[in-house]
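Remarks on the overall topology
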Amino acid sequence: MNAILHHRFTIGTVFLIVMVILLFATCINEQVDKIPVIKNSRGESFAGSASCAGCHQNIYERHLTTAHFLTSQPATSATIRGSFKPGQNSFAFDTQQSVLMEQHDSAFYQVAYKNGVMQEAHRFDFVIGSGIMGQSYLTWNKSRLFQLPITYFSAANQWSNSPGYPNKILFSRPITSRCLECHSTFAKTISPPEASPEKFDRRQLILGVTCEKCHGPGANHLAFQTSHPKSTRAQDIINPARLSRQQQLDLCASCHGGRLQKKRPSFEFTAGDTLSNFFALDTVVPSPENIDVHGNQYGLLAASKCFRLNDRLTCSSCHNTHEKERGNTALFSQRCISCHAAGHEKICPKAATIGEAITTNCIDCHMPLQSSRAIAVFLPGKTAPTAALIRSHYIRIYPEAAASVLRYILKKK
(Lines give C-alpha, C1' and ligand atoms only; values in the text may rest on other atoms or scores of the structure.)
Protein backbone atom coordinates (compact mmCIF):
# COMPACT_ATOMS: atom_id res chain seq x y z
CA MET A 1 0.00 0.00 0.00
CA ASN A 2 2.77 2.43 0.91
CA ALA A 3 4.50 1.67 -2.38
CA ILE A 4 1.28 2.41 -4.30
CA LEU A 5 0.72 5.66 -2.41
CA HIS A 6 4.34 6.64 -3.01
CA HIS A 7 3.98 5.84 -6.71
CA ARG A 8 0.80 7.95 -6.96
CA PHE A 9 2.47 10.80 -5.05
CA THR A 10 5.43 10.71 -7.43
CA ILE A 11 3.18 10.82 -10.50
CA GLY A 12 1.15 13.67 -8.99
CA THR A 13 4.27 15.63 -8.11
CA VAL A 14 5.73 15.23 -11.59
CA PHE A 15 2.40 16.25 -13.13
CA LEU A 16 2.27 19.35 -10.93
CA ILE A 17 5.86 20.31 -11.82
CA VAL A 18 5.15 19.87 -15.54
CA MET A 19 2.03 22.05 -15.27
CA VAL A 20 3.98 24.77 -13.44
CA ILE A 21 6.71 24.69 -16.12
CA LEU A 22 4.13 24.91 -18.91
CA LEU A 23 2.35 27.77 -17.17
CA PHE A 24 5.64 29.59 -16.62
CA ALA A 25 6.64 29.07 -20.26
CA THR A 26 3.25 30.36 -21.39
CA CYS A 27 3.69 33.48 -19.28
CA ILE A 28 7.16 34.01 -20.69
CA ASN A 29 5.88 33.61 -24.24
CA GLU A 30 3.08 36.06 -23.54
CA GLN A 31 5.65 38.57 -22.25
CA VAL A 32 7.77 38.05 -25.38
CA ASP A 33 4.68 38.53 -27.54
CA LYS A 34 4.07 41.86 -25.82
CA ILE A 35 7.46 43.17 -26.97
CA PRO A 36 6.61 44.88 -30.26
CA VAL A 37 8.46 44.25 -33.48
CA ILE A 38 9.61 47.73 -34.42
CA LYS A 39 8.87 48.64 -38.05
CA ASN A 40 9.46 51.82 -40.00
CA SER A 41 6.79 53.60 -42.04
CA ARG A 42 7.44 51.25 -44.97
CA GLY A 43 6.73 48.18 -42.88
CA GLU A 44 10.40 47.13 -42.74
CA SER A 45 11.39 45.49 -39.45
CA PHE A 46 14.42 46.46 -37.39
CA ALA A 47 16.67 43.68 -36.13
CA GLY A 48 18.66 45.71 -33.60
CA SER A 49 22.29 46.65 -34.15
CA ALA A 50 23.54 43.87 -31.84
CA SER A 51 22.39 41.36 -34.45
CA CYS A 52 24.99 42.81 -36.84
CA ALA A 53 27.79 41.58 -34.58
CA GLY A 54 27.37 37.99 -35.75
CA CYS A 55 28.97 38.76 -39.11
CA HIS A 56 30.46 42.21 -38.55
CA GLN A 57 31.78 41.99 -35.01
CA ASN A 58 34.82 44.25 -35.39
CA ILE A 59 32.89 47.00 -37.13
CA TYR A 60 30.04 46.72 -34.64
CA GLU A 61 32.31 46.90 -31.58
CA ARG A 62 34.23 49.90 -32.93
CA HIS A 63 30.99 51.68 -33.78
CA LEU A 64 29.86 51.40 -30.15
CA THR A 65 32.51 53.99 -29.22
CA THR A 66 31.51 56.61 -31.81
CA ALA A 67 29.68 59.86 -31.13
CA HIS A 68 26.94 58.71 -33.49
CA PHE A 69 26.16 55.61 -31.46
CA LEU A 70 26.41 57.51 -28.16
CA THR A 71 24.23 60.42 -29.24
CA SER A 72 21.31 59.07 -27.19
CA GLN A 73 21.34 56.59 -24.32
CA PRO A 74 19.32 55.69 -21.24
CA ALA A 75 20.28 57.96 -18.35
CA THR A 76 22.39 56.04 -15.82
CA SER A 77 25.30 56.72 -13.50
CA ALA A 78 27.58 55.54 -16.32
CA THR A 79 26.12 57.72 -19.07
CA ILE A 80 25.45 61.02 -17.26
CA ARG A 81 28.66 63.04 -17.31
CA GLY A 82 27.89 65.71 -14.70
CA SER A 83 28.55 65.37 -10.97
CA PHE A 84 25.90 64.68 -8.33
CA LYS A 85 28.28 65.41 -5.45
CA PRO A 86 27.23 68.19 -3.04
CA GLY A 87 28.81 71.46 -4.09
CA GLN A 88 29.15 70.28 -7.70
CA ASN A 89 25.54 69.38 -8.44
CA SER A 90 23.75 72.72 -8.73
CA PHE A 91 23.05 75.54 -11.15
CA ALA A 92 21.75 78.88 -9.85
CA PHE A 93 19.65 81.00 -12.18
CA ASP A 94 19.66 83.84 -9.63
CA THR A 95 19.75 84.30 -5.87
CA GLN A 96 16.30 82.74 -5.52
CA GLN A 97 16.08 80.04 -8.19
CA SER A 98 18.31 77.01 -8.57
CA VAL A 99 18.24 73.46 -9.88
CA LEU A 100 20.00 70.63 -8.10
CA MET A 101 20.97 67.34 -9.69
CA GLU A 102 19.99 64.66 -7.19
CA GLN A 103 20.08 60.88 -7.02
CA HIS A 104 17.29 59.03 -5.25
CA ASP A 105 17.71 55.26 -5.14
CA SER A 106 18.75 54.27 -8.68
CA ALA A 107 17.13 57.25 -10.43
CA PHE A 108 18.47 60.74 -11.15
CA TYR A 109 16.49 63.99 -11.03
CA GLN A 110 16.71 67.68 -11.79
CA VAL A 111 15.01 69.34 -8.82
CA ALA A 112 13.89 72.98 -8.88
CA TYR A 113 14.15 75.08 -5.72
CA LYS A 114 12.93 78.58 -4.97
CA ASN A 115 14.29 80.23 -1.84
CA GLY A 116 15.42 76.79 -0.72
CA VAL A 117 11.97 75.22 -1.07
CA MET A 118 11.55 72.38 -3.53
CA GLN A 119 9.12 73.24 -6.35
CA GLU A 120 9.22 70.24 -8.72
CA ALA A 121 11.40 67.31 -9.70
CA HIS A 122 11.80 65.60 -13.06
CA ARG A 123 13.74 62.45 -13.79
CA PHE A 124 16.67 62.06 -16.16
CA ASP A 125 15.33 59.47 -18.62
CA PHE A 126 17.59 59.92 -21.66
CA VAL A 127 21.01 61.40 -22.30
CA ILE A 128 21.31 63.33 -25.58
CA GLY A 129 24.85 63.90 -26.85
CA SER A 130 27.99 61.84 -26.61
CA GLY A 131 29.55 64.24 -24.11
CA ILE A 132 32.26 65.51 -26.45
CA MET A 133 30.67 68.96 -26.50
CA GLY A 134 28.17 68.32 -23.78
CA GLN A 135 24.96 66.53 -22.91
CA SER A 136 21.34 67.50 -22.65
CA TYR A 137 18.71 65.38 -20.96
CA LEU A 138 15.15 64.32 -21.68
CA THR A 139 12.34 63.33 -19.36
CA TRP A 140 9.14 61.41 -20.02
CA ASN A 141 5.76 62.86 -19.13
CA LYS A 142 3.43 60.01 -20.02
CA SER A 143 3.92 59.63 -23.80
CA ARG A 144 5.60 63.00 -24.32
CA LEU A 145 9.26 63.95 -24.03
CA PHE A 146 10.61 67.23 -22.67
CA GLN A 147 14.10 68.68 -22.40
CA LEU A 148 15.38 69.31 -18.91
CA PRO A 149 16.61 72.87 -18.24
CA ILE A 150 20.13 71.94 -17.14
CA THR A 151 22.83 70.67 -19.50
CA TYR A 152 26.36 69.40 -18.92
CA PHE A 153 28.97 71.53 -20.72
CA SER A 154 32.11 69.46 -21.32
CA ALA A 155 34.58 72.26 -21.97
CA ALA A 156 34.05 73.65 -18.47
CA ASN A 157 33.20 70.32 -16.80
CA GLN A 158 30.19 72.05 -15.28
CA TRP A 159 26.42 72.10 -15.29
CA SER A 160 24.95 74.95 -17.35
CA ASN A 161 21.58 76.10 -18.59
CA SER A 162 20.42 74.21 -21.67
CA PRO A 163 21.24 76.21 -24.86
CA GLY A 164 18.49 78.64 -25.79
CA TYR A 165 16.74 78.46 -22.43
CA PRO A 166 15.65 81.77 -20.84
CA ASN A 167 17.09 82.78 -17.52
CA LYS A 168 14.43 80.96 -15.54
CA ILE A 169 13.51 77.38 -14.72
CA LEU A 170 11.32 75.68 -17.30
CA PHE A 171 10.48 72.02 -17.73
CA SER A 172 8.10 72.55 -20.65
CA ARG A 173 10.28 72.53 -23.79
CA PRO A 174 8.87 69.67 -25.90
CA ILE A 175 11.03 67.28 -27.88
CA THR A 176 9.80 66.73 -31.42
CA SER A 177 10.14 63.79 -33.75
CA ARG A 178 12.52 65.92 -35.82
CA CYS A 179 14.82 66.21 -32.77
CA LEU A 180 14.76 62.45 -32.35
CA GLU A 181 15.26 61.88 -36.08
CA CYS A 182 18.86 63.06 -35.75
CA HIS A 183 19.57 61.70 -32.28
CA SER A 184 18.11 58.21 -32.58
CA THR A 185 17.60 55.45 -35.11
CA PHE A 186 13.81 55.35 -34.83
CA ALA A 187 10.91 56.67 -32.77
CA LYS A 188 7.28 55.79 -33.33
CA THR A 189 4.96 58.81 -33.23
CA ILE A 190 1.43 57.98 -32.03
CA SER A 191 -0.15 61.46 -32.21
CA PRO A 192 -1.64 63.26 -35.24
CA PRO A 193 0.90 65.17 -37.39
CA GLU A 194 -0.40 68.54 -36.19
CA ALA A 195 -0.24 67.62 -32.50
CA SER A 196 2.09 69.53 -30.21
CA PRO A 197 3.70 68.23 -28.11
CA GLU A 198 3.92 64.96 -30.02
CA LYS A 199 3.30 61.61 -28.39
CA PHE A 200 5.60 58.62 -28.79
CA ASP A 201 5.24 54.90 -28.25
CA ARG A 202 7.65 54.37 -25.37
CA ARG A 203 8.29 50.75 -26.46
CA GLN A 204 9.16 51.65 -30.05
CA LEU A 205 12.23 53.79 -29.65
CA ILE A 206 15.72 52.82 -30.84
CA LEU A 207 18.32 55.01 -29.17
CA GLY A 208 21.61 56.00 -30.76
CA VAL A 209 22.49 56.38 -34.42
CA THR A 210 23.00 52.67 -34.96
CA CYS A 211 23.86 50.48 -37.95
CA GLU A 212 20.24 50.50 -39.14
CA LYS A 213 20.13 54.30 -39.37
CA CYS A 214 22.40 54.31 -42.41
CA HIS A 215 21.97 50.74 -43.67
CA GLY A 216 18.21 50.48 -43.20
CA PRO A 217 16.15 48.05 -41.09
CA GLY A 218 17.98 44.73 -41.06
CA ALA A 219 15.47 42.01 -40.12
CA ASN A 220 15.01 40.75 -43.69
CA HIS A 221 18.76 40.90 -44.29
CA LEU A 222 19.42 38.94 -41.10
CA ALA A 223 16.83 36.32 -42.02
CA PHE A 224 18.31 35.87 -45.48
CA GLN A 225 21.93 35.65 -44.32
CA THR A 226 20.98 33.24 -41.54
CA SER A 227 19.26 30.89 -43.97
CA HIS A 228 21.96 31.35 -46.64
CA PRO A 229 25.20 31.45 -44.60
CA LYS A 230 27.42 30.84 -47.62
CA SER A 231 25.92 33.63 -49.71
CA THR A 232 28.34 36.45 -50.47
CA ARG A 233 25.63 38.69 -51.88
CA ALA A 234 24.25 41.13 -49.31
CA GLN A 235 20.48 41.16 -49.68
CA ASP A 236 17.83 43.46 -48.21
CA ILE A 237 20.38 45.90 -46.83
CA ILE A 238 21.70 49.29 -47.99
CA ASN A 239 25.40 49.83 -48.58
CA PRO A 240 25.89 53.63 -48.60
CA ALA A 241 29.25 53.21 -50.37
CA ARG A 242 27.34 52.04 -53.44
CA LEU A 243 25.01 55.03 -53.52
CA SER A 244 25.58 57.96 -55.85
CA ARG A 245 27.58 60.91 -54.57
CA GLN A 246 24.44 63.01 -54.04
CA GLN A 247 22.65 60.16 -52.29
CA GLN A 248 25.58 59.81 -49.88
CA LEU A 249 25.60 63.56 -49.27
CA ASP A 250 21.83 63.63 -48.77
CA LEU A 251 22.13 60.91 -46.14
CA CYS A 252 24.61 62.96 -44.11
CA ALA A 253 22.82 66.25 -44.78
CA SER A 254 19.56 64.91 -43.35
CA CYS A 255 21.13 65.55 -39.93
CA HIS A 256 24.16 67.70 -40.71
CA GLY A 257 22.47 70.07 -43.16
CA GLY A 258 21.14 72.73 -40.81
CA ARG A 259 17.55 73.50 -39.94
CA LEU A 260 15.62 71.55 -42.56
CA GLN A 261 11.87 72.08 -42.87
CA LYS A 262 10.29 68.68 -43.26
CA LYS A 263 7.61 68.04 -45.88
CA ARG A 264 6.80 64.54 -44.71
CA PRO A 265 6.69 62.87 -41.29
CA SER A 266 9.96 62.25 -39.49
CA PHE A 267 11.78 58.96 -40.00
CA GLU A 268 10.36 58.46 -43.51
CA PHE A 269 13.64 59.52 -45.14
CA THR A 270 16.15 56.71 -45.37
CA ALA A 271 19.49 56.03 -47.04
CA GLY A 272 19.23 56.22 -50.83
CA ASP A 273 16.33 58.69 -50.82
CA THR A 274 16.42 62.17 -52.35
CA LEU A 275 16.53 64.73 -49.55
CA SER A 276 14.41 67.32 -51.37
CA ASN A 277 11.50 64.86 -51.51
CA PHE A 278 11.30 64.91 -47.73
CA PHE A 279 12.56 68.37 -46.76
CA ALA A 280 12.11 71.87 -48.16
CA LEU A 281 15.64 72.92 -49.06
CA ASP A 282 16.62 76.58 -49.12
CA THR A 283 17.25 77.58 -52.73
CA VAL A 284 19.24 80.63 -51.60
CA VAL A 285 22.75 79.47 -50.78
CA PRO A 286 23.84 81.35 -47.63
CA SER A 287 27.26 82.90 -47.32
CA PRO A 288 29.51 80.47 -45.45
CA GLU A 289 30.40 83.24 -43.01
CA ASN A 290 26.75 83.26 -41.92
CA ILE A 291 26.50 79.49 -41.39
CA ASP A 292 26.98 78.36 -37.81
CA VAL A 293 29.70 75.76 -37.36
CA HIS A 294 27.26 73.52 -35.48
CA GLY A 295 24.58 71.71 -37.42
CA ASN A 296 25.18 72.69 -41.03
CA GLN A 297 28.53 71.09 -41.71
CA TYR A 298 27.25 70.06 -45.14
CA GLY A 299 26.53 73.68 -46.09
CA LEU A 300 30.04 74.70 -45.07
CA LEU A 301 31.64 71.80 -46.93
CA ALA A 302 29.60 72.52 -50.06
CA ALA A 303 30.88 76.11 -50.05
CA SER A 304 34.51 74.94 -49.95
CA LYS A 305 36.70 75.04 -53.02
CA CYS A 306 37.85 71.47 -52.33
CA PHE A 307 34.28 70.27 -52.64
CA ARG A 308 33.39 72.34 -55.69
CA LEU A 309 36.45 71.24 -57.67
CA ASN A 310 36.39 67.56 -56.71
CA ASP A 311 33.23 65.84 -57.90
CA ARG A 312 34.09 62.68 -55.95
CA LEU A 313 34.46 64.30 -52.53
CA THR A 314 31.85 63.28 -49.96
CA CYS A 315 31.68 63.33 -46.17
CA SER A 316 33.01 59.77 -46.04
CA SER A 317 36.11 60.83 -47.99
CA CYS A 318 37.35 62.16 -44.65
CA HIS A 319 35.12 60.47 -42.07
CA ASN A 320 34.89 56.76 -41.33
CA THR A 321 31.56 56.56 -39.51
CA HIS A 322 32.43 53.12 -38.13
CA GLU A 323 35.40 54.48 -36.18
CA LYS A 324 36.03 56.90 -33.33
CA GLU A 325 38.42 59.32 -35.02
CA ARG A 326 37.64 62.68 -33.43
CA GLY A 327 40.72 64.64 -32.44
CA ASN A 328 43.10 62.64 -34.62
CA THR A 329 44.49 65.59 -36.57
CA ALA A 330 47.32 63.53 -38.05
CA LEU A 331 44.87 61.02 -39.54
CA PHE A 332 42.66 63.70 -41.07
CA SER A 333 45.73 65.53 -42.35
CA GLN A 334 46.83 62.41 -44.19
CA ARG A 335 43.47 62.39 -45.92
CA CYS A 336 44.05 65.99 -46.97
CA ILE A 337 47.50 65.14 -48.24
CA SER A 338 46.14 62.26 -50.34
CA CYS A 339 44.83 64.99 -52.66
CA HIS A 340 47.36 67.74 -51.91
CA ALA A 341 50.67 65.88 -52.23
CA ALA A 342 53.51 66.29 -54.68
CA GLY A 343 52.31 65.62 -58.22
CA HIS A 344 48.91 67.14 -57.55
CA GLU A 345 47.85 70.62 -58.55
CA LYS A 346 47.66 72.17 -55.09
CA ILE A 347 50.46 71.84 -52.55
CA CYS A 348 50.56 73.90 -49.36
CA PRO A 349 52.88 76.91 -49.92
CA LYS A 350 54.10 76.54 -46.33
CA ALA A 351 55.35 73.00 -46.95
CA ALA A 352 58.96 74.06 -47.45
CA THR A 353 58.94 76.21 -44.30
CA ILE A 354 57.17 73.77 -42.03
CA GLY A 355 58.77 70.59 -43.29
CA GLU A 356 57.67 67.12 -42.18
CA ALA A 357 55.39 68.54 -39.46
CA ILE A 358 52.93 69.62 -42.12
CA THR A 359 51.90 66.00 -42.60
CA THR A 360 50.44 65.89 -39.09
CA ASN A 361 48.28 69.01 -38.99
CA CYS A 362 46.58 70.55 -41.99
CA ILE A 363 43.38 70.81 -39.97
CA ASP A 364 44.14 73.63 -37.54
CA CYS A 365 45.17 75.89 -40.42
CA HIS A 366 42.40 75.13 -42.88
CA MET A 367 39.53 73.94 -40.64
CA PRO A 368 40.10 75.80 -37.35
CA LEU A 369 37.97 75.59 -34.24
CA GLN A 370 35.36 78.36 -34.18
CA SER A 371 32.76 79.56 -31.70
CA SER A 372 29.24 78.30 -32.23
CA ARG A 373 26.32 80.69 -31.93
CA ALA A 374 23.94 77.73 -31.60
CA ILE A 375 25.70 76.07 -28.67
CA ALA A 376 26.28 78.86 -26.17
CA VAL A 377 25.52 78.31 -22.50
CA PHE A 378 25.56 80.30 -19.28
CA LEU A 379 27.93 78.98 -16.65
CA PRO A 380 27.67 79.73 -12.93
CA GLY A 381 29.06 83.16 -12.14
CA LYS A 382 29.27 84.22 -15.78
CA THR A 383 27.21 87.11 -17.17
CA ALA A 384 27.98 86.35 -20.81
CA PRO A 385 27.34 83.05 -22.61
CA THR A 386 30.20 80.63 -23.21
CA ALA A 387 30.28 79.18 -26.71
CA ALA A 388 31.34 75.69 -27.70
CA LEU A 389 34.34 75.52 -30.03
CA ILE A 390 33.59 73.38 -33.08
CA ARG A 391 35.77 72.64 -36.07
CA SER A 392 34.66 74.48 -39.19
CA HIS A 393 33.92 72.45 -42.31
CA TYR A 394 34.45 75.49 -44.53
CA ILE A 395 37.84 74.47 -45.89
CA ARG A 396 39.91 77.48 -46.91
CA ILE A 397 42.93 79.56 -45.93
CA TYR A 398 42.55 81.23 -42.52
CA PRO A 399 45.52 83.64 -42.28
CA GLU A 400 45.33 84.18 -38.51
CA ALA A 401 44.93 80.49 -37.72
CA ALA A 402 47.73 79.57 -40.13
CA ALA A 403 50.08 82.15 -38.59
CA SER A 404 49.35 80.82 -35.09
CA VAL A 405 50.00 77.22 -36.12
CA LEU A 406 53.19 78.20 -37.96
CA ARG A 407 54.55 80.01 -34.90
CA TYR A 408 53.79 76.98 -32.72
CA ILE A 409 55.47 74.53 -35.11
CA LEU A 410 58.57 76.65 -35.64
CA LYS A 411 58.89 77.19 -31.88
CA LYS A 412 59.00 73.41 -31.36
CA LYS A 413 61.75 72.93 -33.94
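Just above sits the structure.
Everything numeric here is computed off the predicted structure, so don't read it as measured data.

Notes on the nonpolar core
Within the largest apolar cluster, 18 residues are counted, with the highest numbers of intra-cluster contacts made by Ile-80, Phe-84, Met-101, Phe-124, Tyr-137, Ile-150 and Trp-159. Sorting the residues of this core by element identifies β3 (97-104), β4 (107-114) and β9 (150-153) as the ones contributing at least two each. Excluding its chain neighbours within four sequence positions, the residues that come into contact with Phe-124 are Ala-75, Ile-80, Phe-84, Met-101, Phe-108, Tyr-109, Gln-110, Tyr-137, Leu-138, Leu-148 and Trp-159. Phe-46, Phe-126, Ile-128 and Ala-187 belong to the second largest nonpolar core, which has 15 residues in total.

Quick notes on the packing of aromatic side chains
The full count for this structure, using the stated rule, is 13 aromatic pairs. A ring pair is formed by Phe-84 and Phe-108, whose centres lie 4.9 Å apart and whose planes are at 55°; its orientation type is tilted. Separated by 24 residues along the polypeptide, Phe-84 in the loop between β1 (72-74) and β2 (90-92) and Phe-108 in strand β4 bring together distant segments of the chain. Among the aromatic side chains, those forming a connected cluster through ring pairs are Phe-84, Phe-108, Phe-124, Tyr-137, Tyr-152 and Trp-159. The lysine or arginine in question, Arg-245, covers the ring of Phe-307, its NZ or CZ lying 4.2 Å from the ring centre. Taking the ring centre of Tyr-398 as reference, the NZ or CZ of Arg-396 above it sits at 4.0 Å.

Some remarks on the pattern of salt bridges
A complete count under the given rule lists seven salt bridges for this structure. Close ionic contact of Arg-264 with Glu-268 constitutes a salt bridge, the shortest N to O distance being 3.1 Å. The exposure class assigned to Arg-264 is partly exposed, which follows from its relative accessible area of 36%. One salt bridge connects Arg-335 with Glu-325, and the closest N-O pair in it is separated by 2.9 Å. A residue pair is termed long-range when its members are at least 10 positions apart, and Arg-335 in helix α9 (residues 329-337) and Glu-325 in the loop between α8 (305-309) and α9 qualify at ten residues. Overall, the relative accessible area of 10% leaves Glu-325 in the buried class.

Focus: the environment of Thr-189
Mapped onto the fold, Thr-189 is located in strand β12 (residues 184-189). In sequence terms Thr-189 and Phe-267 are 78 residues apart; their C-alpha atoms lie 9.6 Å from each other. For Thr-189, the contacting residues outside a window of four places in its chain are Ser-177, Glu-198, Lys-199 and Phe-200.

Examining the sheet that holds β2
One open sheet accounts for four strands, arranged β2-β3-β4-β5; its pairing is antiparallel. Two strands in the sheet have a free side with no partner beyond their single neighbour: β2 and β5 (117-123). The average angle at which neighbouring strand axes cross in this sheet is 20°, direction not considered. Bridging between β4 and β5 involves six bridges; their strand directions are antiparallel. Note that in β5 the partner of Ala-112 across the bridge is Glu-120.

So, the state of the cysteines
Across all of its chains, the model carries zero disulfides by this definition. In this structure Cys-179 is not part of a disulfide, and its nearest cysteine sulfur, from Cys-182, lies 8.7 Å away. The cysteine Cys-339 is free of any disulfide, with Cys-306 supplying the nearest cysteine sulfur at 7.7 Å.

Quick word on the side chain of Thr-185
Structurally, Thr-185 is set in strand β12. Side chain to side chain, Thr-185 and Thr-210 meet in a polar contact 2.8 Å long. Excluding residues that lie within four positions of it along the chain, Thr-185 makes contacts with Phe-46, Ile-206, Leu-207, Gly-208, Val-209, Thr-210, Glu-212, Lys-213 and Phe-267.

Some thoughts on helix α12 (residues 399-412)
Relative to the 20 Å expected for 14 residues at 1.5 Å per residue, α12 spans 20 Å between its end C-alpha atoms, a close match to the ideal helical length. Among the residues making up α12, those that are buried are Ala-401, Val-405, Leu-406 and Ile-409. Buried residues in α12, looked at end-on, bunch into an arc of 130°, giving them a common side. Of the exposed residues in α12, those oriented more than 90 degrees away from the buried face are Pro-399, Glu-400, Arg-407 and Lys-411.

About the thresholds
- Residues numbered from 1 in each chain as written.
- Predicted model: local features only at pLDDT ≥ 70, side-chain atom pairs only at ≥ 80, totals over all residues.
- Heavy atoms only, no water.
- Core = buried A, V, L, I, M, F, W, Y, C linked by side-chain atoms within 4.5 Å.
- Buried < 20%, exposed > 50% of the residue type's maximum accessible area, 1.4 Å probe, protein only.
- Helix = DSSP H or I, 4+ residues; strand = E, 2+ residues; numbered from the N terminus.
- Contact = heavy atoms within 4.5 Å.
- Phe/Tyr/Trp six-rings, centres within 6.5 Å; stacked < 30°, edge-to-face > 60°.
- Lys NZ or Arg CZ within 6 Å of the ring centre and 35° of its normal.
- Salt bridge = Lys/Arg side-chain N within 4 Å of Asp/Glu carboxyl O.
- Pairing = 2+ DSSP bridges.
- Axes fitted to C-alpha atoms, helices over the stretch in contact; angles between N-to-C directions.
- Disulfide = S-S within 2.5 Å.
- Polar contact = N/O pair within 3.5 Å; in protein donor to acceptor, adjacent residues only side chain to side chain.
- Expected span 1.5 Å × (residues − 1).
- Arc of directions from axis to C-beta.

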